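Here is what each chain is made of, one letter per residue.
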Protein chains: 2
Amino acid sequence: MPRTDDSTPHDSTPPAPPRRSDATRAAILDAARERFATDGYERATIRAIARDARIDPSMVMRYYGNKEGLFAAAVTVDLELPDLTALPREEAGRALVTHFLDMWEENDVLTALLRVGATNRAGAERMQGIFRDQVLPVARQVCPDPEQAPARAALAATQLLGLALTRYVLRFPPTVALPRGEVVAWLAPTLQRYLTAPSP
Amino acid sequence: MPRTDDSTPHDSTPPAPPRRSDATRAAILDAARERFATDGYERATIRAIARDARIDPSMVMRYYGNKEGLFAAAVTVDLELPDLTALPREEAGRALVTHFLDMWEENDVLTALLRVGATNRAGAERMQGIFRDQVLPVARQVCPDPEQAPARAALAATQLLGLALTRYVLRFPPTVALPRGEVVAWLAPTLQRYLTAPSP
DNA sequence: TGTGTAGGCCAACAAGTGTTGACGCGCTCG
DNA sequence: CGAGCGCGTCAACACTTGTTGGCCTACACA
């Protein structure tokens, strides 16, 4: 069975020999990300993805094993969360909101993951992993009591994912119409409170 | 083509003659709600729903026309939002959070709708309709400036739907573990601020 | 009691799914 | 120059999906 890794920067072990098919592999991943983002897991068919990438569906199988493997290879998320210890503590909320908005607007992997996570158990578990490995550690940086970090990070996640859901997936008109600056102004204090304010 | 209405209370026109097949129709709708809630639209197959209801798949077609019709009949949402004018204005946030938690915990129609809305355009439009027809009017009751009601209601929706998403769909462990009282204590001030505080 | 009709099941359909294996071209290296 | 292998296509598989039409049964009403 061929390797299923791609050219994402977090590769390990061998320095990855360049292959003649790298362009095709990348085209498949691009098409897959877009289809997963707009259609969700079930309706993003391998045939449609292959058509978008202008290759035969069997290539997808050869390079990524099966549909699950394709999803795993196409949807890898690095939130690139900032180091909150480098900021004044009272700016954590604002920094998180702006960073999340940036991420969601430039990257449809996040939309893909949210759409898939809502209907697919594997997708939901993937999101749990991202929360645990990427969001929680950042929350620990600013939470007063580290024991409360999971609960506080979870609260922050409800607000941020709720924003993403209504703005980028469900597309509620008033949420979409909200200017970016207003979103930041409203949500930053909420996140700041969830992360740093004393328990109510 | 047979009627596709069910026994929901908002029927209109004729007083709905009782049919011998009412029990079957109800069993189909029950099974459909559960399947849509756990599997989403695509993976909730008519065959599986029929098996749950212990009838033949063709019955579903006869009574509800097609899968879309079944979804429309099975997933009708009435949020039963309280009349906020009857409360002191500063309790609106708390009232909304407690009411939403009640609704989500007793009713898997809401989970079904959220799962479907995330991957299905018709589902998303249905949610937009509920927001417009049920949430917005309530927001108008408490918003200082009615012109700001859509934006404020949208902000409230991000927080409430984000809670529902992480707690009942994605099932983030720390969000699920959060005691109901703590959820209310943390979210009520947020909603209160979104709905009634002066613009930031 | 006879009959029409509503309720229900069975079998089949066309279309689309993920997945597999055989086959051919063309580059690369000996 | 020739052999090998990576890249890609074609055709088919087994299966599931939504959907349809025919047939049988049993109830309700004449």
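Nothing here was measured: the structure is a model prediction, and the numbers come from that model.

1. Things to note about the packing of helix α6 (residues 108-119) of chain A against helix α7 (residues 121-142) of chain A
Residue and element names in this part refer to chain A.
Okay, step 1: Taken N-terminus to C-terminus, the directions of α6 and α7 make an angle of 125°; their axes are 6 Å apart at the nearest point. One way to sum up the angle between α6 and α7 is to call them oblique. The handedness of the crossing between α6 and α7 comes out as left-handed. Of the residues in α7, those in contact with Leu113, Leu114, Val116, Gly117 and Thr119 of α6 are Arg121, Gly123, Ala124, Arg126, Met127 and Ile130.
Okay, step 2: Of the residues in the contact of α6 with α7, the class split is six nonpolar, three polar and two charged.

2. Brief notes about the relation of the copies chain A and chain B
Okay, step 1: Overlaying chain A on chain B yields an RMSD of 0.1 Å, the required transformation being a rotation through 180° with an accompanying axial translation of 0.0 Å. One copy is carried onto the other by what is essentially a two-fold rotation axis. Minimal C-alpha separation from the rotation axis in chain A is found for A:Gly162, amounting to 1.7 Å.

3. Focus on the domain arrangement of chain A
All names here are of chain A.
Okay, step 1: Splitting chain A by domain gives domain 1 (22-74) and domain 2 (84-196).
Okay, step 2: Computed over C-alpha atoms, the centres of domain 1 and domain 2 are 28 Å apart.
Okay, step 3: Across the contact, eleven residues belong to domain 1 and nine residues belong to domain 2.
Okay, step 4: Both sides of the domain 1 and domain 2 interface together cover about 840 Å² of buried area, and 62% of this is carbon and sulfur.

Calculation rules
- Residues numbered from 1 in each chain as written.
- Chains lettered and ligands numbered in written order.
- Predicted model: local features only at pLDDT ≥ 70, side-chain atom pairs only at ≥ 80, totals over all residues.
- Heavy atoms only, no water.
- Axes fitted to C-alpha atoms, helices over the stretch in contact; angles between N-to-C directions.
- Helix = DSSP H or I, 4+ residues; strand = E, 2+ residues; numbered from the N terminus.
- Parallel < 35°, antiparallel > 145°, perpendicular 65-115°, else oblique.
- Left-handed = near helix turned anticlockwise from the far one by under 90°.
- Contact = heavy atoms within 4.5 Å.
- Nonpolar A, V, L, I, M, F, W, Y, C, P; charged D, E, K, R; others polar.
- Least-squares fit on C-alpha atoms with pLDDT ≥ 70 in both.
- Domains from an automatic or database assignment.
- Buried area = accessible area lost by both parts, 1.4 Å probe.

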